[in-house]
Amino acid sequence: MALKIKFRMPNFRNTGWGPWLLRIFLIVVAAGAITVLSVGGYFYFKYKGVVDARLQQPLFKNTAKIYAEPREVRPGQKLSVRLVADELRQATYTPQGQGKASPMGTYRESASSITVFPGPQSYHAEDSATITVNDGVVDNIADDKGQALSSYELEPVLITGLSEDANRTKRRLVTYDQIPQNLVHAVLAIEDRRFFEHSGVNYFRLVEAVVRDIATGQKQQGGSTLTMQLARGFFLTPEKRIKRKIIEIVITFQLEHRFNKKQIFELYANQINLGQRGSFAINGFGEASQAYFGKDVRQLDLSECALLAGMIQRPNYFTPFRHADRAIERRNLVLDSMVETGAITKDQAERAKAEPLHLSPASVDASEAPYFVDLVHDQLLQKIGERDANLEGLRIYTTLDPDLQRIATNAVDSMAHMVDEQVDKLHTKRVKVKGEKAAVVEKTGNYVYPQIALIALNPHTGQVLALVGGRSYGTSQLNHAVAHRPTGSIFKPFVYAAAFATAVEGTPLEGQDHLFSPVTMLNDQQTTYEVGDQEYTPRNMHGEYHDQVTARYALQWSLNNATISLASMVGFDRVAALARQAGIKSARGTPAMAIGAYDATPLDMAGAYTVFANGGMHIDPWMVASVRTSTGDIVTDYTPTTRQVLDPRVAYLTTNMMEGVLNGGTAGRVRTTYGFRAPAAGKTGTSHDAWFAGFTSNLLCIVWVGNDDYTDIKLEGAHAAAPIWADFMKKATALPQYSDTKPFTPPDGVQMVNLDKTTNLLADQACTDDYQAAFLDGTAPTDTCDHPPDHRNVFQKLFGLGSPTPKPGN
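About the thresholds
- Residues numbered from 1 in each chain as written.
- Predicted model: local features only at pLDDT ≥ 70, side-chain atom pairs only at ≥ 80, totals over all residues.
- Heavy atoms only, no water.
- Helix = DSSP H or I, 4+ residues; strand = E, 2+ residues; numbered from the N terminus.
- Buried < 20%, exposed > 50% of the residue type's maximum accessible area, 1.4 Å probe, protein only.
- Contact = heavy atoms within 4.5 Å.
- Phe/Tyr/Trp six-rings, centres within 6.5 Å; stacked < 30°, edge-to-face > 60°.
- Axes fitted to C-alpha atoms, helices over the stretch in contact; angles between N-to-C directions.
- Parallel < 35°, antiparallel > 145°, perpendicular 65-115°, else oblique.
- Left-handed = near helix turned anticlockwise from the far one by under 90°.
- Nonpolar A, V, L, I, M, F, W, Y, C, P; charged D, E, K, R; others polar.
- pLDDT = per-residue confidence, 0-100.
- Pairing = 2+ DSSP bridges.
- Disulfide = S-S within 2.5 Å.
- 1 Å grid on protein atoms, 1.4 Å probe; cavity = no way out; pocket = protein on both sides within 12 Å on 5 of 7 lines; lining within 4 Å.
- Points joined across faces, edges and corners; volume = space filled by probe spheres on them.
- Polar contact = N/O pair within 3.5 Å; in protein donor to acceptor, adjacent residues only side chain to side chain.
- Salt bridge = Lys/Arg side-chain N within 4 Å of Asp/Glu carboxyl O.

Quick look at the overall build of the protein chain now. When its secondary structure is counted, the protein chain shows 26 helices and 32 strands. Buried positions account for 50% of the 810 residues belonging to the protein chain. Contacts in the protein chain between residues far apart in sequence, at least 24 positions, make up 65% of those at least 6 positions apart.

Given below as structure tokens:
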């Protein structure tokens, strides 16, 4: 039996409850509205003050910008109009007749020429010039009056800006008009399609995100518009809480009220984080375009715009440096989204998808020279006093050559494995395992690979053209280019220079009756020296000793005892004084000094070697040429410090002996194995560290390899440092600006003489195995190899004793 129950709704209309319920409902709604308005008003006015305070300050720090040295263009250089135009665009020049002229300058190009017009904010005076190119070679350079110029300097290009804060944030500010429209459309397609339509909050997306979060139980869907992302980035933490979302919306309304849509997009484009490069944070599209593609943001193509827009969601997850596949997949999704919004066609999207990634090197070392920039920053703080160099918006014009910096970084990167293999070999032993036919290779102990530094200078101006302070700036910011290390045998040329200086003065060495020359005989037997109350007994490399050797041979093969013997004849204090004049400040007059026991930095040694490469003139290495305001007005210009340290004849005589080091001495593998053929002079160095110092007529380079803990590297400079030097110099001299290397030219008062290798006497037709050496006028041998002098006394001659020819020197 079914039981039926009927339920009737009471008729409130007849009972009098209706008006009461309506009143209650209205009261609840009013209370809710008052609460919402009160809370909203509280947050609005509270954060209005926060926004006001923030907007009273510059939204972005106008950090100092670091510029490279101007590229010099000369007739005869291999160059194209397109390459010159690209460099001018990189320096923010604009083509004439295409929009607003850049205050930095403009240019006008044709198929075979380009005319450059520096602007009011240019580094150079506003003097135009026309560069004419024929078959890929600069044919002519003329000024605005048609007069031929021997050279012309282009606008220096921006290397990088100083980082903004302790988080090492880097940013290159751009305006909305500088942002390619493809990039604007890409960002809107993937991040906020209704950006130009809504008032800051896309309520449909926000509700959708809330529903998805409730359904999944996670706080993953943000539903944020570009303005909301901007509000979060400027004023809030990235945590996901309801209160923070409310505050984010309130600040969004504030921003939408104060700025138009283009201004908001510009702020967003400069603020958004786009990943990490080394130890630096990449913020904004301007910095990202340089970091990932090595180009100005205005030069980005469609594929590159889509990739950057795709990175916004998760920049480190989609970084093309480490996750190329993810980056490409995300880029393609952005391109499809752009097709959906009508920003591009399907064909354009497919062509962009077919583009491979054209990325800059992932390391900052090659393109941004971070060790160099750190030194520039330190010098700025010293030179401009207590002013905050980072907030002044200054333009810092430096000596850096970007092409040479890339080659230097690549030389260290590509040759480091060669050093590491030698270190592995030192820590490897073969162990015979029972039952195995072949010995098993085992590594012994814990060890780390050594660090590397490289400095390249213009030897005639002292400009630091390239500087690598370590293997990887991202791994270690310790700058080994300015770390004090024992100099080893690269110090030895100063001993020989001091000896040549005595010859120029006309003073024989102690215990000698003739002036010093390359064939002066030196004692290379192991000798003990008294130093205070202690004894010092130096060893030769590999424990090999000779009797008497020529000075030329002693330097060529880096013989320790022969070099100390020479220093003792010159006077240890005199050698030390010369070294200090050349910038090796720690040198003291002891026997160990002669073989590099005292320390100096690789940068110091680069400066010291300018005395040989620059006719005896020492030039302090320098990096900052000019400091200017953000509008180009000069704050201060800098000139290098120079001083004459050696007589030009002494500089050349020492250089000529150092040529022998490369042509057949300890660095002979630079020629035979690594194929460096340009005229050059240099010296290997081995102490606890490995060194090589060498130079051509227009480029000087120092390479150092060593351990951070100062333990002995146990590698020779010839095997660890010289190959890196050779790799760098071989590629550097292939560049147009360093390709015109010339043989070293003897000054007046120096004569070139051919000597027999066996007797070290003048070579003639009877002695064909000879070599060329430089001598101070009046100091060269006068006897020939087939008529050597008879040094026997009367008694020896009478009875036929002894040999008429002295024992040959080496």
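For helix 9 (residues 285–293), a buried count of nine out of nine residues is recorded, marking the element as mostly surrounded by other parts of the structure. All of the buried residues along helix 9 are Phe285, Gly286, Glu287, Ala288, Ser289, Gln290, Ala291, Tyr292 and Phe293. A positive phi of about 65° marks Gly294, the residue just after helix 9.

Let's shift gears to the packing of aromatic side chains. The full count for this structure, using the stated rule, is 21 aromatic pairs. Ring centres 4.3 Å apart and planes at 35° place the aromatic pair Tyr123 and Tyr397 in the tilted group. In this pair, Tyr123 is assigned in the loop between strand 5 (113–118) and strand 6 (129–134) and Tyr397 in strand 13 (residues 395–398), connecting sequence segments 274 residues apart. As far as the burial class goes, Tyr123 and Tyr397 line up, both buried. Plain terms: the ring middles of Tyr609 and Phe612 are 5.4 Å apart, the flat faces sit at 85° to each other, and that makes the pair edge-to-face. Here Tyr609 falls in the buried class, since its relative accessible area comes to 0%. Pairwise contacts between aromatic rings join Tyr176, Phe195, Phe196, Phe265 and Tyr268 into one cluster.

Once that is clear, we can look at the packing of helix 9 against helix 10 (residues 302–311). The relative placement of two packed helices comes down to the angle between their axes together with the axis-to-axis distance. Close contact between helix 9 and helix 10 brings their axes to 11 Å; oriented N to C, the two are set at 115°. Taken together, the axes of helix 9 and helix 10 are roughly perpendicular relative to one another. Between helix 9 and helix 10 the crossing geometry is right-handed. On helix 10, the residues that touch Phe285, Ala288, Ser289, Tyr292 and Phe293 of helix 9 are Glu304, Leu307, Leu308 and Met311. Its residues assigned to classes, the contact of helix 9 with helix 10 comprises seven nonpolar, one polar and one charged.

Mapped onto the elements of the fold, Gln77 is located in the loop between strand 2 (72–73) and helix 3 (81–90). Residue class for Gln77 comes out buried when judged on its relative accessible area of 8%.

Turning our attention to the confidence of the model for the protein chain. Across the protein chain, the average pLDDT comes to 86, with 85% of residues at 70 or higher. When pLDDT is averaged over each element of the protein chain, helix 21 (residues 610–613) comes out on top at 98 and helix 26 (residues 794–799) at the bottom at 42. In the model, residues 790–810 has pLDDT below 50 throughout and makes 29 contacts with residues more than four positions away in sequence or in other chains.

Phi is positive for Ser558, which is not a glycine, with a value near 55°. Positionally, Ser558 belongs in the loop between helix 17 (551–556) and helix 18 (560–570). Backbone geometry places Lys714, a non-glycine residue, at a positive phi of 60°. Note that Lys714 resides in the loop between strand 30 (700–706) and helix 24 (717–720). We classify Lys714 as exposed; its relative accessible area is 59%.

A few words on the pairing of strand 6. The side-chain alternation of strand 6 yields one buried face, formed by Ala129, Ile131 and Val133, and one unburied face, formed by Thr130, Thr132 and Asn134. Relative to strand 6, strand 5 is paired through four bridges, and the arrangement is antiparallel. Along strand 6, the bridge assignment pairs Thr115 with Thr130. Direction of pairing for strand 6 relative to strand 7 (residues 137–143): antiparallel, over a ladder of six bridges. Bridged to Asn134 within strand 7 is Val137. Connecting strand 6 to the antiparallel partner strand 7 that follows it, the hairpin turn spans two residues, and Asp135 within it adopts a positive phi of roughly 55°.

Applying the stated criterion across every chain yields a total of one disulfide. At a sulfur-sulfur separation of 1.8 Å, the disulfide partner of Cys767 is Cys785. Judged by the torsion about the S-S bond (110°), the Cys767/Cys785 disulfide is right-handed. Here Cys785 lies in the loop between strand 32 (770–776) and helix 26 and Cys767 lies in the loop between strand 31 (750–756) and strand 32, a separation of 18 residues in the sequence. Both residues of the pair, Cys767 and Cys785, belong to the buried class.

Before going further, it helps to examine the environment of Asp637. In this structure, Asp637 sits in strand 26 (residues 634–637). We classify Asp637 as partly exposed; its relative accessible area is 45%. Counting along the chain gives 10 residues from Asp637 to Val627, while the straight-line C-alpha distance between them is 6.3 Å. Residues in contact with Asp637, not counting those within four places in the same chain, are Ala625, Ser626 and Arg628.

So, about the sheet that holds strand 6. The five strands are arranged 3-4-5-6-7 in an open sheet whose pairing can be described as mixed. The open sheet is flanked by strand 3 (94–95) and strand 7, the only strands paired with a single partner. Pairing geometry for strand 3 and strand 4 (residues 105–109), over two bridges, is parallel. Its bridge partner being in strand 4, Thr94 is matched across the sheet by Thr106.

With that settled, the discussion passes to helix 4 (residues 181–191). Across the 11 residues that make up helix 4, a large majority, eight, are buried. For helix 4, the complete set of buried residues consists of Leu183, Val184, Ala186, Val187, Leu188, Ala189, Ile190 and Glu191.

Among the structural elements, Ala721 can be located in the loop between helix 24 and helix 25 (722–732). For Ala721, a relative accessible area of 0% translates into the label buried. For Ala721 and Trp691, which are 30 residues apart along the polypeptide, the C-alpha to C-alpha distance reads 5.3 Å.

Tallied over the entire structure, the rule returns two cavities of 30 Å³ or more. Roughly 50 Å³ of internal volume is contained in the largest cavity. Around the largest cavity, the lining residues are Phe293, Asp301, Ser303, Glu304, Leu307, Arg331, Pro356, Leu357 and His358. Looking at the lining of the largest cavity element by element, the count peaks at three residues for helix 10.

Here Thr563 is to be found in helix 18. Given the relative accessible area of 0%, Thr563 is considered buried. A distance of 2.8 Å separates a polar atom in the side chain of Thr563 from the backbone oxygen of Leu559. Contacts of Thr563, omitting those with residues within four sequence positions, involve Lys492, Val495, Tyr496 and Ala594.

One pass over the structure, following the stated rule, counts 24 salt bridges. Of the charged contacts in the structure, one is a salt bridge between Arg74 and Glu72, with a shortest N-O distance of 3.1 Å. Across the pair Glu350 and Lys346 runs a salt bridge, and its minimum N-O distance is 3.6 Å. Taken together, the positions of Glu350 and Lys346, both in helix 12 (residues 346–353) and four residues apart, correspond to about one turn of that helix. Owing to a relative accessible area of 37%, Glu350 belongs among the partly exposed residues under this scheme. Judged by its relative accessible area of 49%, Lys346 is partly exposed. In the salt-bridge network here, residues are joined through shared partners; they are Arg71, Glu87, Asp403 and Arg406.

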